[in-house]
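If you want the building blocks of each chain, they are given just below.
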Amino acid sequence: MRILHTSDWHLGQHFMGKSRQAEHQALIDWLLVQVDDYAVDAVLVAGDIFDTGTPASYSRELYSQLVVRLHAAGVALLLLGGNHDSVAMLGESRELLACLSATVVAAADDPAAQVRVLPRRGGQGEAGCIVCAIPFIRSRDVLQSQAGQSAEDKQQSLQTAIQAHYLAVYDAACARRVELEAELGRTLPLIATGHLTTVGASASESVREIYVGALEAFPTTAFPPADYIALGHIHRSQLVGGLEHIRYSGSPIPLSFDEACQQKTVLLVDLDGDGLKAVTLLPVPRFQALTALSGNLAALAGAFTSAAAEGIAERPVWLEVTVAEDDYLADLPVRIQALAENLPVEVLRIRR
C-alpha cells in the first residue's frame, strides 16, 4: 500500500494582497503526475485544506477538481478537517464526494465512525489499510469544562481527553482490522492521523496557535502504536521525536516569508502487513518565487539583482525586505521601490 501524505494546502490564502490560485492549480497538476508516476494508492490530506472557513469560490473549484481528477485516476482520497477549516462547510458535500472515492472527516466524532478503510488502487475496492482518521480536535469535541480549574489543570485535562479519544479510535480500528483480515486472509497496516502541535515540532509564523491557554503541544508517547502517524498543522516537513513513523508532511507551498528557504515536500509512505517499509520525500517545485532580503541599502542593491534572476516579467519574484542601518530614513519605501525598478521583482512588505 502506497499513500501520499500531504497537509496544510490553505486553498484560498490571500498572501499580502496576492492570490495563490495559480500556485495551487500548478500543485494539483504536478500532484496528479506524481500519483501516476509512483503508482500511489491513496492521497491523505491531514487538515487545513482551506485557509478560512468561508473559502472563495475559486478555492472550492480547486478542491472539487482535486477530488474529480483523483477519482478519474482510480485513487482514493482522505480529507481531514484542520483548525482553519469549517466543519459545516466540509461536511456539506461529504456524501456527494463519497461517490467520487473521497472520504471527508471534518470533526472528531464517535470513535467507531472515525475508522476508515483505504482501498488499493485498481483493486475493485480491495482494502489496503485501516485508518484512524482523526482531524483537528476542538476541546468541545472531547471535553466539558469545569469551574475552578487552573490553566494547568485545563491543559492536563485536554491532553488526557485527546489521548483517550485516540485510544478509543485505535481500539475500534483494531477491531475492524480483525474482521477484515479474517475476510481477506492477510494482515493490514494501520495508520493514524492528526492535526495538532506535538512536543518539539518546529513551527513558522504562518502557523496559527490552536490551543492557546490550553494544550500547547501533544506528547508523542500519547499517540497509539500505529504503523504510521500522518500529521498536519506544522508547515515544515519533519520527523517527530526522531521517530520515523510519526511525521509532518509540511505545507506543499510556502505560506509565509520565513518558509521561503524551506524545500517543500509531500511524503510517499509504503506499508504492508508487517508495518511501515519506507518514507520517501518528494520535493515540490517552487511555483512562485518568494525571497526574504535583509541588509542596508547598499547591500540590498546587489541582493535585488540576485533575487531577480528567479523572476520573469509575467511572474515576478515576491520580496520581503528588512532594512538595517538605513531604517531611519523617512523616504525608505521610495528608495526600496527604486531598487526594484525595471527588475522582475515585486516588494510585498518592507520591515525596518
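Residues numbered from 1 in each chain as written. Predicted model: local features only at pLDDT ≥ 70, side-chain atom pairs only at ≥ 80, totals over all residues. Heavy atoms only, no water.

**Digging into the packing of aromatic side chains**
Defined as follows: Note on ring pairs: Phe, Tyr and Trp rings are taken, using the six-membered ring of Trp, and paired if centres are within 6.5 Å. Classes follow the plane angle, with under 30 degrees stacked, over 60 edge-to-face and the rest tilted. By the criteria applied, helices consist of DSSP H or I runs no shorter than four residues and strands consist of E runs no shorter than two, each listed in order from the N terminus. The cut-offs for exposure are 20% and 50% of the maximum accessible area for each residue type, with area from a 1.4 Å probe on protein chains only; residues under the lower value are buried, those over the upper are exposed, and the others partly exposed.
Within this structure, the stated rule accounts for 6 aromatic pairs. Between F15 and F257, the aromatic rings sit 5.4 Å apart at their centres with planes inclined by 50 degrees, giving tilted as the arrangement. In this pair, F15 sits in strand β2 (residues 14-15) while F257 sits in the loop between β12 (243-248) and β13 (265-272), placing the two residues 242 residues apart along the sequence. We note that F15, like F257, is buried. Taking 5.0 Å as the distance between ring centres and 55 degrees as the angle between the ring planes, the aromatic pair formed by F50 and Y63 counts as tilted. A residue pair is termed long-range when its members are at least 10 positions apart, and F50 in the loop between β4 (42-46) and α2 (57-72) and Y63 in helix α2 qualify at 13 residues. Judged by relative accessible area, which is 1%, F50 ranks as buried. A relative accessible area of 4% places Y63 in the buried class.

**A word on the environment of E183**
Relative to the assigned elements, E183 resides in helix α6 (residues 151-184). You can call E183 exposed: its relative accessible area is 61%. Spatially, the C-alpha atoms of E183 and L32 are 32 Å apart, while their sequence positions differ by 151 residues.

**What to know about the sheet that holds β13**
Condition: Strand pairing is assigned whenever DSSP detects at least two bridges linking the two strands. Helix axes use the C-alpha atoms of the stretch in contact, all axes being lines fitted to C-alpha atoms, and the angles between their N-to-C directions lie in the range 0 to 180 degrees. In this description, contact between two residues means that some pair of their heavy atoms is separated by no more than 4.5 Å.
Read across the open sheet, the 6 strands follow the order β6-β5-β4-β1-β13-β14; overall the sheet is mixed. On the outer flanks of this sheet lie β6 (102-105) and β14 (275-283), each paired with one strand and no other. The average undirected angle you get between the axes of adjacent strands in this sheet is 20 degrees. Helix α1 (residues 21-37) rests against β1 (2-6), β4, β13 and β14 of the sheet, and its axis sits at about 140 degrees to β14. Its contacts with the sheet put α2 on β4, β5 (76-80) and β6, and the angle it makes with β5 is roughly 150 degrees.

Function-wise, these values are silent; they only describe arrangement.
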